[in-house]
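Working through the structure, step by step
The residues making up each chain are set out below.
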Amino acid sequence: MSQSVTNASLFLLDLLKSLFNLLEFQRLVLNYSPPARVHDLPRNQKEHRNLPFMQELRNLFSLMVGSKRKYVDPSRAVEILKDAFKSSELQQQDVSEFTHKLLDWLEDAFQMKAEEDREGEKPKNPMVELFYGRFLAVGVLEGKKFENTEMFGQYPLQVNGFKDLHECLEAAMIEGEIESLHSAENSARSGQEHWFTELPPVLTFELSRFEFNQALGRPEKIHNKLEFPSMLYMDRYMDRNREITRIKREEIRRLKEHLTLLQQRLERYLSYGSGPKRFPLADVLQYAMEFASSKPVCTSPVEDIDSSAPPGGTTGQPPPLPSSSAAEQDLLPPLESSGPALAPPPAAAAASATPPAAQQQRIPIHKPFTQSRLPPDLPMHPAPRHITEEELRVLESCLHRWRSEVENDTRDLQGSITRIHRTIELMYSDKSMMQVPYRLHAVLVHEGQANAGHYWAYIYDPHQRCWMKYNDIAVTKSSWEELVRDSFGGYRNASAYCLMYINDKKPFLIEEEFDKETGQILSGMDKLPPDLKHYVKEDNELFDKEMEEWDALQARKAQQEKLALAAAAAAAAASAASSNSTSSSSPQPMSIESSPPDNSVPQQEPEYMEQPSPTNDSKHLQEDTERAISRAAAEQEERSPEALLNASLSPPIPSQPEVQIGLPCSPPPDLVKGDETPGQRTVEVAIPHVGTFVIESEEGGYDDEAMMTPNMQGVIMAIGKSGSVYEKNGPEAAFFQAIKLEYARLLRFAQEDVTPQHDYRLQHIIVYFIQNQAPKKILERTLLTQFADRNLAFDERCKSIMNVARAKLDLIKPEEVSMDEYEMWHQAYRNFRETTLYMVTGLELFQKSNYAEALMYLIYSYQYNRELLSKGLYRGHSEELLGHYRRECLLKLNEQAAAMFESGEEPDVSAGLGVMNELVVPCIPLLLVHDAEKDLLAVEDMRNRWCSYLGQEMEANLQEKLTDFLPKLLDCSTEIKSFHDPPKIPGYSTLELCERFGCVMAALCRVPGEGR
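About the cut-offs
- Residues numbered from 1 in each chain as written.
- Predicted model: local features only at pLDDT ≥ 70, side-chain atom pairs only at ≥ 80, totals over all residues.
- Heavy atoms only, no water.
- Helix = DSSP H or I, 4+ residues; strand = E, 2+ residues; numbered from the N terminus.
- Buried < 20%, exposed > 50% of the residue type's maximum accessible area, 1.4 Å probe, protein only.
- Contact = heavy atoms within 4.5 Å.
- Areas by Shrake-Rupley, 256 points an atom, 1.4 Å probe, with all protein chains shown as cover.
- Pairing = 2+ DSSP bridges.
- Expected span 1.5 Å × (residues − 1).
- Polar contact = N/O pair within 3.5 Å; in protein donor to acceptor, adjacent residues only side chain to side chain.
- Phe/Tyr/Trp six-rings, centres within 6.5 Å; stacked < 30°, edge-to-face > 60°.
- Lys NZ or Arg CZ within 6 Å of the ring centre and 35° of its normal.
- Core = buried A, V, L, I, M, F, W, Y, C linked by side-chain atoms within 4.5 Å.
- Axes fitted to C-alpha atoms, helices over the stretch in contact; angles between N-to-C directions.
- Parallel < 35°, antiparallel > 145°, perpendicular 65-115°, else oblique.
- Left-handed = near helix turned anticlockwise from the far one by under 90°.
- Nonpolar A, V, L, I, M, F, W, Y, C, P; charged D, E, K, R; others polar.
- Salt bridge = Lys/Arg side-chain N within 4 Å of Asp/Glu carboxyl O.
- 1 Å grid on protein atoms, 1.4 Å probe; cavity = no way out; pocket = protein on both sides within 12 Å on 5 of 7 lines; lining within 4 Å.
- Points joined across faces, edges and corners; volume = space filled by probe spheres on them.
- Arc of directions from axis to C-beta.
- pLDDT = per-residue confidence, 0-100.

1. Concerning the overall build of the chain
Looking only at helices and strands, the chain features 31 helices and 17 strands. Out of the 1012 residues in the chain, the part that is buried amounts to 45%. Considering only intrachain contacts with a sequence separation of at least 6, the fraction spanning at least 24 residues in the chain is 71%. When the accessible surface of the chain is split by element, carbon and sulfur atoms take 53% of a total near 53700 Å².

2. A look at the pairing of strand β1 (residues 133-141)
Summarising the sheet, β1 and strand β2 (residues 144-152) pair through nine bridges and their orientation is antiparallel. Bridge pairing links A137 to N148 in β2. Following β1, the chain reverses through two residues before pairing antiparallel with β2; E142 in that reversal takes a positive phi of roughly 55°.

3. Details of unusual backbone geometry
For Q773, which is not glycine, the phi torsion reads 55° and is therefore positive. Mapped onto the elements, Q773 comes out in the loop between α22 (765-771) and α23 (776-787).

4. Remarks on helix α12 (residues 389-425)
Here α12 is 37 residues long and its end C-alpha atoms lie 54 Å apart, about the 54 Å a rise of 1.5 Å per residue gives. Listed as buried for α12 are L392, C398, L399, R403, V406, T410, L413, I417, I420 and I424. Elements in contact with the buried residues of α12: α8 (242-270) and α9 (281-293).

5. With respect to the side chain of H194
On the secondary structure map, H194 appears in strand β5 (residues 189-198). For H194, a relative accessible area of 9% puts it in the buried group. Of note is the side chain of H194, whose polar atom sits 3.3 Å from the side chain of Y155. Look past the residues within four positions of H194 in its chain and what remains in contact with it is F135, L136, A137, Y155, A172, M173 and E175.

6. Brief notes about the environment of V536
Its location among the elements puts V536 in helix α14 (residues 530-584). Along the backbone, V536 and L63 are 473 residues apart, and their C-alpha atoms lie at a distance of 6.0 Å.

7. So, the packing of aromatic side chains
Inspection of every chain in the model, using the stated rule, returns 32 aromatic pairs. Considering the side-chain rings of Y460 and W467, the 5.3 Å spacing of their centres and the 65° angle between planes classify their relative orientation as edge-to-face. Taking the relative accessible area as the measure of exposure, Y460 reaches 22% and is therefore partly exposed. Members of the aromatic cluster, connected to one another through ring pairs, are Y768, F769, W825, Y829 and F832. Directly above the ring of Y428 sits R236, whose terminal nitrogen or CZ lies 3.9 Å from the centroid.

8. Examining the nonpolar core
The biggest cluster of nonpolar side chains holds 104 residues, and the ones touching the most others in it are F735, F769, F787, L792, L855 and W946. Counting residues in each nonpolar core, the second largest holds 53 residues, with L15, L22, A109 and I510 among its members.

9. Focus: the packing of helix α25 (residues 819-847) against helix α27 (residues 879-903)
Two elements in contact, α25 and α27, have axes whose closest approach is 11 Å; the angle formed by their N-to-C orientations is 40°. Relative to α27, the element α25 lies oblique. Where α25 crosses over α27, the two elements pack in a sense that is left-handed. Judged by residue contacts, M839, L843 and F846 of α25 engage L882, Y885, E888, C889 and K892 from α27. Residue composition of the contact of α25 with α27, grouped by class: six nonpolar, no polar and two charged.

10. A look at the pattern of salt bridges
Per the stated rule, a full pass over the model turns up 37 salt bridges. Across the pair R945 and E902 runs a salt bridge, and its minimum N-O distance is 2.9 Å. Here R945 is found in helix α29 (residues 933-947), whereas its partner E902 is found in helix α27, with 43 residues between them in sequence. The class for E902 is partly exposed, based on a relative accessible area of 45%.

11. A short note on the environment of R761
If you trace the backbone, R761 turns up in helix α21 (residues 760-763). Linking R761 and Y829, residues 68 residues apart in sequence, is a C-alpha distance of 9.0 Å. A distance of 3.0 Å separates a polar atom in the side chain of R761 from the backbone oxygen of G876.

12. Some thoughts on the packing of α23 against helix α24 (residues 796-810)
For the pair α23 and α24, the least separation of the axes is 8 Å and the interaxial angle reads 145°. Crossing hand, α23 versus α24: left-handed. Note on element contacts: α24 touches α23 through I801, M802, A805, K808 and L809, opposite R781, L784, T785 and F787. Broken down by class, the residue content of the contact of α23 with α24 amounts to six nonpolar, one polar and two charged.

13. Here we look at empty space enclosed by the protein
Taken as a whole and judged by the stated rule, the model has six cavities of 30 Å³ or more. Size it by volume and the largest cavity reaches roughly 80 Å³. Taken together, L15, L19, T99, L102, L103, L106, F131, Q154, T204, C498 and M500 form the lining of the largest cavity. Broken down by element, the residue count for the lining of the largest cavity peaks at four residues, all from helix α5 (residues 95-117).

14. Considerations on helix α13 (residues 480-487)
Residues of α13 that are buried include every one of E482, L483, D486 and S487, and no others. Considered in projection along α13, the buried side chains sweep an arc of 110° and stay on one side of the axis. Downstream of α13 by a residue or two, G489 has a phi angle that is positive, lying close to 85°.

15. Digging into the confidence of the model for the chain
Within the chain, residue pLDDT values average 75, and 69% of them lie at 70 or more. Within the chain, no element has a lower average pLDDT than strand β15 (residues 660-662), which sits at 32, and none a higher one than strand β9 (residues 231-233), at 94. Residue range residues 307-374 is modelled with pLDDT below 50. Its contacts to residues more than four positions away, or to other chains, number 86 contacts. Within the model, the stretch residues 581-606 combines pLDDT values under 50 with 37 contacts to residues more than four positions away or in other chains.

16. Concerning the environment of V284
Counting through the fold element by element, V284 comes out in helix α9. Along the chain, V284 and R403 lie 119 residues apart, while their C-alpha atoms are 9.1 Å from each other.

Here it is as structure tokens:
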């Protein structure tokens, strides 16, 4: 099937949908009865073609009214259409010519019936009365006046060069001075005007959006924007308003001439200068004032350049460090109630130690208009070498006055231009020129290029009072905003090519038909004449039979699947029985955050952090490991946490910095007090940056994975640094010291600028909470929960501090911390980590060129990340980064699918179209929904790639597959019709996630800028 036939077929369906929703037209078609002689042999080719088409149209409309099917098949009517276009006289038809041809068929069919019904009288053709009007052509030809009345159906309008429908109509109604075809010496200027004498109830405008490019030798589509109203008043184009319209047109012409002069004058103010670069005159005067008032730093522009200074004009002195944020003092006031004061962070100490000379800045530049200052690291500003106070005073006075005059003139010009625009807009707004209203009924839209594309229609439903979108078999509710976006043009390759207006004073066009006896609205089968009722009834019975056969087939398939599942379940049960014994002995992983014990909550004090904690723990150390840690902490309080814990009896293993967990058969006797009792186990743990420990615990009471988390490492280091406080003042004072140290460390992480491959939010939930301004009580409870973790019970000191933290948790009153809010924040953090895992997995697969598998991870990570960012800037990752790789993944898949289609091999073609239908096409609405420019360009590139095949020679089967596929690709709808479920993500540890995140981000940083 040729492309012209394909386009006409698609257009036919949209046009018929629009006409079907004109209930008057629907009634005319359904109640049409062929002439009696139709049973005889047709007398001519016209009857041979038109009468069968009318019958198929009646069948099609009857099925649209009463069928049980979700959609009906129009192929029979389309086949007649295809036969007509294959004839020699219709080989080069375009959509505009086809519209006329279709109306001719309808007119001829009704004309034959009208002639038979009214013998001897002038027949009335209902198609003519519904769709045809008349206009009067008035003009002068070679000095001679003429008036001719002509009939029109669809009124053609040129789009190029006009901004709205009224401008198109004005240009079409006035054909300016036309040169006579006679020789030059005898020629005379000629011109004509069109004035409507009779408008049809259904007024259709054909928008000419195609023109032939002589240089390229092919047609091209005009994508210019053209606005049109939902209510169109045709009074200004009526013959009866000829005189008043001419007066108003003359007034508009005069206003537009004046408007042009004002705009030219305004342009001189806004683009001032004689060179290639122009600037607003007011800004030029401001720049001159800024230059004159600047004071030079030195007498020569090269004197202050230090040859030893680094690039950028800065000196070798390091910049002053920012002081610590006040949040550190304000966020946790209860923590300051006991224990030694918190030392200032390194940043603050460095700032206070910086000498005054290192903090000097450049001399500020006074700018009278903007009061702005140049950043201190910019090169020296230009300034006049010599200017006296008197010269500066006179110059300032003149420049100020001139700038005020320029600003006043600019405002006056802009105000005059706005008033003229408003006057032109309101020229036809009086009631006398609003008596012929036409309401927009349907808009037919085309997306694509001149020789290819997709068609759909917007049709107004007066009963639901909303716009409906008819896109192939999908009918969905829409809006005026979506119609404007898809139909005006100038934004995408989609634009309206046909507008159907109906006379708003003739409601019968869209009114339902009533039963004459009961007065009830006719609906469904009641609308149909007897012959069509019988036709639809037979089709519904056939459909019921098809459904019964399909249900029986599905039942057989389900029974077969059930038997297969039963056999598989029996085999699985046998294998599961053998594995239950081994799996039952495996310890279950525990949560990092444990629940506090179920103790009674005291009510006498409001601040739970300040209340003393009841404890029965012994203050003396009982094991050699704890005594060694305490001695090292007391002697070297100022040393780093790593050095503190490296002083323990079990030194770290330097050759293997990664996490190591082992279960030695016999632990060293000097580290074990007494024999190992039943139900206990001994674990040797090497924690990165902390040390190596030999831990005794109850069986199942120690989670070795939790001990490896950055949160637990920080807690253990903080407890190690508080050793001397524990030795002197007991566990409660040590608890306050440790929690302050840990919070200060995390606060510095939250304020620190890090490289893309390091994100402290992934390591520490507290950093995430600080950056997203979580409430103080949420921060405190989360930090307390970390110190109350049961895995800290591996030595006496940690166990004592853990018990203090648990006691503090018990003191929290329900009104102090809302558990719903607490859980909400923790759920938000879990969502952040899950989104990160989707992102990392997708980027890893993308880097391996596994685009099909990467796509779903990138799609879902982008969607989840967008939801996170809607609640705060630091709740997710870079939207631009994820958007880029989501877009690139789709482009790569589109490229691969197109290459497979180009191969022409059946397996490759099917695989390529499968990739497009299953992966790319469902994702396109996600790129269109937010109107991001880069996403829209990517969609345009993908569509253009496939549309380019339409003009190429290919096998018939490839052409058929391409024709079936293109409507799905070119659908402008932002509705997500079908989509894959989120991919399954395996379990993961914090260390694994951070390592994978760092690796993938480091790899992205090595990609050139144009590839990121």
